[in-house]
Amino acid sequence: MSRLKCGVIGAGAWGKNHVRTIAGMAEVELTAICDMNPAIREKLGKQYPAAFVTDSVDEVLRRVDAVIVATPARTHVEVGMRAVEAGIPTLVEKPFALTVQDAERLAELAERRGVPLLVGHLLEYHPVIERLKAMIEDETLGQIYYLYAQRVNLGQVRPDENALWSFGPHDVSVALFLLGEAPVTVSAQGHSYLQKGIEDIVFLNMTFASGVMAHVQMSWLDPHKERRLTVVGSRQMAVFDDMASREKLRIYDKGIDRPPEYRSYGESLAIREGDIFIPRVANTEPLSAQMQHFVRVARKEIQPRADAKDGVRTVRVLEAASRSLRQGGAPISVEGV
Ligand SMILES: NC(=O)c1ccc[n+]([C@@H]2O[C@H](COP(=O)([O-])OP(=O)(O)OC[C@H]3O[C@@H](n4cnc5c(N)ncnc54)[C@H](O)[C@@H]3O)[C@@H](O)[C@H]2O)c1
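Let me sum up the structure you'll find in this document.

## Looking at the site of the ligand
Among the 23 residues in the neighbourhood of the ligand, the closest are listed as A13, W14, D35, H76 and K94. Take A13: an N or O atom from its main chain is 3.0 Å from an oxygen atom of the ligand. Within the side chain of R158, an N or O atom sits 3.3 Å from an oxygen atom of the ligand. For the ligand, whose accessible area on its own is 860 Å², the fraction buried by protein is 82%. The class makeup of the residues in the shell around the ligand is 11 nonpolar, eight polar and four charged.

## A few points about the pairing of strand β2 (residues 28–34)
Burial runs high along β2: six of the seven residues are buried. In this sheet, β2 lies alongside strand β1 (residues 4–9) in parallel orientation, the contact comprising six bridges. Bridging across to β2, V8 finds its partner in I33. In terms of handedness, the path from β1 via helix α1 (residues 15–23) over to β2 forms a crossover that is right-handed. This β-α-β element, β2 to helix α2 (residues 38–47) to strand β3 (residues 52–54), shows right-handed connectivity.

## Points about the environment of A270
Inspection of the secondary structure puts A270 in strand β14 (residues 270–277). Classification of A270 by relative accessible area gives partly exposed; the value is 30%. C-alpha separation for the pair A270 and Q236, spaced 34 residues apart in sequence, amounts to 14 Å. Leave out the neighbours within four places in its chain, and A270 touches G255, I256, D257 and P259.

## Observations concerning the nonpolar core
If you look at the biggest cluster of nonpolar residues, it comprises 102 residues, and the most contacted ones within it are F96, L132, L204, M206 and L229. A per-element tally of this core places helix α7 (residues 163–179) first, with 11 residues.

## What to know about unusual backbone geometry
K94 connects to P95 through a cis peptide bond whose omega is -10 degrees. By secondary structure assignment, the location of P95 is in the loop between β5 (90–93) and α5 (100–113). Look at the link from G155 to Q156: it is a cis peptide, with omega at -10 degrees. In the Ramachandran plot, E139 falls in the positive-phi region, its phi being about 65 degrees despite a non-glycine side chain. By the secondary structure assignment, E139 is in the loop between α6 (127–137) and β7 (144–154).

## Remarks on the pattern of salt bridges
Considering all chains together, one arrives at 23 salt bridges under this definition. Its salt-bridge partner being R228, residue E226 comes within 3.1 Å of it at the nearest N-O pair. E319 is the partner of R323 in a salt bridge, and the nearest nitrogen-oxygen pair spans 3.9 Å. Pair noted here: R323 and E319 are both in helix α10 (residues 308–326), with a separation of four residues, about one helical turn. Among the charged side chains, a salt-bridge network with shared partners connects D58, E78 and R82.

## Thoughts on the packing of aromatic side chains
Each aromatic ring pair is specified by the distance between its two centres and by the angle formed by the two planes. One pass over the structure, following the stated rule, counts two aromatic pairs. A centroid spacing of 6.2 Å and a plane angle of 15 degrees characterise the contact between Y146 and Y148, whose relative ring orientation is stacked. For Y146, a relative accessible area of 37% puts it in the partly exposed group. Taking NZ or CZ as reference, R63 lies 3.5 Å from the ring centre of F52, over its face.

Thresholds applied
- Residues numbered from 1 in each chain as written.
- Predicted model: local features only at pLDDT ≥ 70, side-chain atom pairs only at ≥ 80, totals over all residues.
- Heavy atoms only, no water.
- Near = heavy atom within 4 Å.
- Polar contact = N/O pair within 3.5 Å; in protein donor to acceptor, adjacent residues only side chain to side chain.
- Areas by Shrake-Rupley, 256 points an atom, 1.4 Å probe, with all protein chains shown as cover.
- Nonpolar A, V, L, I, M, F, W, Y, C, P; charged D, E, K, R; others polar.
- Buried < 20%, exposed > 50% of the residue type's maximum accessible area, 1.4 Å probe, protein only.
- Helix = DSSP H or I, 4+ residues; strand = E, 2+ residues; numbered from the N terminus.
- Pairing = 2+ DSSP bridges.
- Right-handed = clockwise from strand over helix to strand, strands pointing away.
- Contact = heavy atoms within 4.5 Å.
- Core = buried A, V, L, I, M, F, W, Y, C linked by side-chain atoms within 4.5 Å.
- Salt bridge = Lys/Arg side-chain N within 4 Å of Asp/Glu carboxyl O.
- Phe/Tyr/Trp six-rings, centres within 6.5 Å; stacked < 30°, edge-to-face > 60°.
- Lys NZ or Arg CZ within 6 Å of the ring centre and 35° of its normal.

Encoded structure:
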C-alpha cells in the first residue's frame, strides 16, 4: 500500500508534535508543512528536508491526502472548511470551533461533501481512557455515580482564550465519551485574576439525564500540575493520574454497600475497603494512536471515533458553560444553546 501523504497546517508549539509524529510513521509520508511564521518554516525546513514547507494553505491542500489543522483556535473553522472543500480528510485540533454555529457549519460541510472530519480530542485515544471506557461498559465499576477531573498548572497563560476553552475540550470530551451521553445542564464559575475578561480558573459542573454528575476544575494559576480523573461507581472507583510516569490507572475496590437485611439504620450502610488494583495498560502515546486512527479513517477503513459530531457536542457544552460563567454560575440547558 502506498504511503498516505500528510500535511500539517500550523506547526507551532503543538503542531510541531504532529509533524514529529507523522515523520516517525512508516505508513505515512510527511509531505507538506504550512506556517505563517518564517522562523518556524526555516527551522522545520532544515529538520524535514523532504517535506514541502510553505505559508500557503492551498499549496498544502494540492499535495496531500490528509491534513491536520493545528492553527490557533479562532482560525480552525476557516482553515478546516478550506481543507474539507478541497475534499481532503481533515483532523481539526481542539477546540473544534469557538461557537456552536461555526462548529455546525463545519460539520455540515463535511457531511454534505462526504469528507471524513475528525476533532483532536486526544484523550479519547489514551489507552487508560480506553480501558476506563471498557470498564464502564462491562459494568466493572458498577453504576456510575459521578466523576471529576482536575486540569491545573502554572501557565501557559493564553491571551485570547480562557481556561475553559483552553483546557475544557479535553475533559468535557472525555466525560461525554466515557458516559456515552451529553449533559442536560451545565453551570460554571470562574474568575479573571491576571487579564481582564479572561478567566484563569473555572469550575464546571455538568448534570446528565442518567443522574450522573461531572465536575471539572481548570486553571493555569495553580501551584500543582495535576491531570487527574476520578470515576466513582457503585462497585469500584477508578483514578487516572496522567502525571504519573507509570501505573497511571488505579482501581479501588471500595464502596458503600447496603446489605439486603439489616436490623438498625447504622448497619444499613457498610463501608467496603477492598484491594487496590493496578491494571497493566499499554504505554502507547495518545498522539501516535490518534494519528494511526486518522490514517485508517482517511483510507476509509474505519469510521472516526472523535468525529465532527463529537466536536459539535463538546463546543455546545463549552458555549453553554460560557453563558453560565457570564451569569455567575446559573444552570444553563445545553440543548438550548
Ligand atoms: N490536543 C492537544 O492536546 C493540544 C495541546 C495544545 C494545543 N492544542 C491546540 O492546538 C492549536 C495550536 O496551539 P499552539 O499552542 O500550537 O499555538 P501556537 O500559537 O504555538 O501555534 C499556532 C501556529 O499556527 C500558525 N498559524 C496561524 N494562522 C495560520 C494559518 N492561517 N495558516 C498556517 N499557519 C498558521 C502560527 O504561525 C503558529 O506557528 C490550538 O487550537 C490549541 O488549542 C491542542
